[in-house]
Amino acid sequence: MDPQLVEELDSFARSFKDVANRFRLISKIGEGTFSSVYRAEDMEYDAFDNSWDLDRSPEGKRRLSMGDTLSPISKRQKKVGVGPRRKKYVAIKRIYVTSSPQRILNELVLLHTLSRCDSIAPLITAFRSQDQVVAILPYYKHADYRAFYRQLPLMEFKYYMKSLVTALEHVHLHGILHRDVKPTNFLYDPEKRRGVLVDFGLAERESVDPSYCTCRGYGENNHIRHITDRQPIGGYLKNDPRPGRRANRAGTRGFRAPEVLLKCLNQTTKIDMWSVGVILLSFMSKRFPFFNSADDIDAMIEIASIFGKPKISACSRLHGSMFDTNIPTVPDRGFTLEEIVDWAVNGTDVDETESSTRSLVDEDPEKDLAFDFLTKCLEVDFRKRISAQEALRHQFLAGI
Ligand code: ADP
Ligand code: MG
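So, here's what we can say about the structure. (Residues numbered from 1 in each chain as written. Chains lettered and ligands numbered in written order. Predicted model: local features only at pLDDT ≥ 70, side-chain atom pairs only at ≥ 80, totals over all residues. Heavy atoms only, no water.)

1. Looking at helix α10 (residues 296-307)
Keep this limit in mind: Helix numbers and strand numbers start at the N terminus; a helix is a DSSP run of H or I with at least 4 residues, a strand a run of E with at least 2. Multiplying 1.5 Å by the helix residue count minus one yields the expected span of that helix. Accessibility here uses a 1.4 Å probe with only protein chains present; expressed as a share of the type maximum, an area under 20% marks a residue as buried, one over 50% as exposed, and anything in between as partly exposed. The contact criterion used is simple: two residues touch if any of their non-hydrogen atoms lie within 4.5 Å. In protein, a polar contact requires one atom able to donate a hydrogen and another able to accept it; more generally it is a pair of N or O atoms within 3.5 Å, and residues adjacent in sequence count only if both atoms are side-chain atoms.
With 12 residues, α10 extends 16 Å from end C-alpha to end C-alpha; this agrees with the ideal 16 Å at 1.5 Å per step. All of the buried residues along α10 are Asp296, Ala299, Met300, Ile301, Ile303, Ala304, Ile306 and Phe307. Buried residues along α10 sit against α8 (258-261), α9 (270-285), α11 (309-318) and α12 (337-346). The N-capping residue of α10, defined by a side-chain oxygen 3.1 Å from the backbone nitrogen of Ile297, is Asp295. Backbone geometry just after α10 places Gly308 at a positive phi near 90 degrees.

See the structure below:
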């Protein structure tokens, strides 16, 4: 093992004695902006109950040190004299201290609330040591999206989508927005055709009393006043006296819905369905990431380059903003998503070596259903966008 990693695992075990008492750290499996995630063996897992013993105190247990290869036989196993204990693995998410206590609490509470769905990683337990917190989740074997998205036929990818939308239906029924739906937060095992949604670090409850945004459709007059308030007449104001708009924009670039980019103050669970659409678009076009802009303005241009200026202008007006651009590649007439995928898969700039993946989507008998589903997820007006519940009833997913 890399000596630096050995040192990291060791220092982790030193600062979290309770964790080290119970879990044998094996490797590091992920590193994000907000956490490091380790794979470990749960030494207190009772294979006979087929569950984790959540309440057992680590007191009196043998201290485990790094690299310890203990394979203890539980008392019950000893009594009945059966074979070796079945191992159970967990993912230990060490949340960086740079996350605010409120954020950490929010993630743990939401994980706990959502624990009862097979498509969501349940929280087993959590530990705190001074300002550090770790969350313990079951370990899920999964494949890297980039390793399979070019190979998988559309028929198989339907299982990915169904599993993801099932998880989101559960999240949304609880009135929660995940906010960061993307392949690294959905752990999918193509062999089992199952995935689990993880990372509720940015998730939040849908507001029951959202701040005012023109999209809430309050009186016509209000609507018009708000738009003209934000509309600079005859060019952009130099010293714009209007207060800036602040809205939750948390998420990952390339996966943010238009209303998030437009700083809507009334964001709903539909923002996650846009991200589902981005994943499907990336799968169908065999391009990942599909959108890659560095900031929100560029992200709007990317979206406008597909859907066309009039549609994006109307969407901006819905949220009380104005969209205009003189970039010549932003069309007046938008493209269909079939046209976009065709351009991405068969376009002139596609590397010749990729020809084996070119016809995958073309040949699929389900592709019309997939495009209909995709168009309903990537609807720029969130009010018309498909919900998770409706998506599960869509013919593209309903049959499996
Ligand atoms: P972050 O907030 O840092 O993005 P995540 O919860 O998304 O943290 O975890 C980061 C990575 O760790 C994931 O992309 C995944 O590869 C891995 N991971 C997280 N939870 C699990 C789990 N329960 N089982 C297996 N791997 C996991
Ligand atoms: Mg993540």
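Having seen it, we continue.
2. Brief notes about the coordination of the magnesium ion (ligand 2)
Where a metal carries four tetrahedral donors, each ideal angle is 109.5 degrees; where it carries six octahedral donors, the ideal angles are 90 or 180 degrees. The line we're drawing: With water omitted from the atoms examined, metal sites may look incomplete; donors here are N, O and S atoms no farther than 2.8 Å from the metal, or 3.2 Å in the case of Na, K and Ca.
Protein coordination at the magnesium ion (ligand 2): the donors are Asn185 (OD1) and Asp199 (OD), at 2.1 to 2.2 Å from the metal. Highlighted residues: Asn185 in the loop between β6 (176-177) and β7 (186-189) and Asp199 in the loop between β8 (194-197) and β9 (204-205), separated in sequence by 14 residues. Relative accessible area serves as the criterion here: at 5%, Asn185 is assigned to the buried category.

3. Quick notes on the sheet that holds strand β2 (residues 35-42)
Pairing between the strands of a sheet comes from backbone hydrogen bonds, and it takes one of two forms, parallel or antiparallel. Just so we agree on the cut-off: When DSSP finds at least two bridges between two strands, those strands are taken to pair. In this analysis, axes come from line fits to C-alpha atoms, helices being fitted only over the stretch in contact, and the angle between any two N-to-C directions falls in the range 0 to 180 degrees.
With antiparallel pairing, the 5 strands of this open sheet are ordered in space as β1-β2-β3-β5-β4. Edge positions in the sheet fall to β1 (23-31) and β4 (125-129), since each of these pairs with one other strand and no more. Neighbour-to-neighbour, the strand axes of this sheet turn through a mean angle of 25 degrees, independent of strand direction. In terms of strand pairing, strand β3 (residues 89-95) meets strand β5 (residues 132-138) through 6 bridges, oriented antiparallel.

4. What to know about the packing of α9 against helix α15 (residues 367-377)
Stated formally: Orientation categories follow fixed angle ranges, with anything under 35 degrees roughly parallel, anything over 145 roughly antiparallel, 65 to 115 roughly perpendicular, and all other angles oblique. Less than a right angle of anticlockwise turn of the near helix away from the far helix marks a crossing as left-handed, whereas a clockwise turn marks it as right-handed. Note that Gly is not counted as nonpolar here; it falls among the polar residues with everything else outside the nonpolar set of Ala, Val, Leu, Ile, Met, Phe, Trp, Tyr, Cys and Pro and the charged set of Asp, Glu, Lys and Arg.
Viewed as axis vectors pointing N to C, α9 and α15 meet at an angle of 140 degrees, and their least axial separation amounts to 8 Å. Judged on the interaxial angle alone, α15 and α9 are oblique. Judged by the sense of rotation from one axis to the other, the crossing of α9 with α15 is left-handed. On α15, the residues that touch Met273, Trp274, Val276, Gly277, Leu280, Leu281 and Met284 of α9 are Ala370, Phe371, Phe373, Leu374 and Cys377. Class assignment of the residues belonging to the contact of α9 with α15 gives a composition of 11 nonpolar, 1 polar and no charged.

5. Quick look at the site of ligand 1
Formally: Being near a molecule or strand, for a residue, comes down to having at least one heavy atom within 4 Å of it.
By nearness alone, 17 residues border ligand 1, and Ser35, Lys93, Pro138, Thr184 and Asn185 come closest of all. A distance of 2.8 Å is found between an oxygen atom of ligand 1 and a side-chain nitrogen or oxygen belonging to Lys93. Between ligand 1 and the protein, one listed contact pairs a nitrogen atom with a backbone N or O atom of Pro138 at 2.8 Å. Going through the elements one at a time, β1, β2, β3 and β5 are the ones with two or more residues in the shell around ligand 1. In terms of residue class, the shell around ligand 1 is made up of 9 nonpolar, 6 polar and 2 charged.

6. Focus: the nonpolar core
The line we're drawing: As used here, the term nonpolar core means buried Ala, Val, Leu, Ile, Met, Phe, Trp, Tyr and Cys residues forming a set that is joined through side-chain atoms within 4.5 Å.
If you look at the biggest cluster of nonpolar residues, it comprises 82 residues, and the most contacted ones within it are Phe157 and Tyr160. For this core, the leading source of residues is α9, giving 10 residues. With residues near it in sequence (within four places) discarded, Tyr160 still touches Tyr145, Phe148, Pro183, Phe186, Tyr188 and Ile279. In terms of nonpolar packing, the next biggest core, distinct from the first, is built from 17 residues, Leu9, Ala13, Ala40 and Ile136 among them.

7. A short note on the packing of aromatic side chains
The condition is simple: Centres within 6.5 Å make a pair out of two Phe, Tyr or Trp rings, where for Trp the six-membered ring is used; the pair is then stacked when the planes are under 30 degrees apart, edge-to-face when over 60, and tilted otherwise. Here, over-ring charges are defined by two tests on the NZ atom of lysine or the CZ atom of arginine: distance to the ring centre within 6 Å, and angle to the ring normal within 35 degrees.
For the structure shown, the criterion picks out 19 aromatic pairs. Through a chain of ring-to-ring contacts, the aromatic side chains of Tyr145, Phe148, Tyr149, Phe157, Tyr160, Phe186, Tyr188, Phe283 and Phe288 assemble into a single cluster. Here the guanidinium or amino end of Arg103 rests over the ring plane of Phe34, the centre of that ring lying 3.8 Å away. Sitting over the face of the ring of Tyr159, Arg193 holds its NZ or CZ atom 4.0 Å from the ring centroid.

8. So, the side chain of Glu259
For Glu259, the location among the structural elements is in helix α8. If we ignore the near neighbours within four places in the chain, the residues touching Glu259 are Cys264, Gln267, Lys270, Ile271, His319, Val380, Phe382 and Arg385.

Spatial relationships are all this shows, so hold off on functional conclusions.
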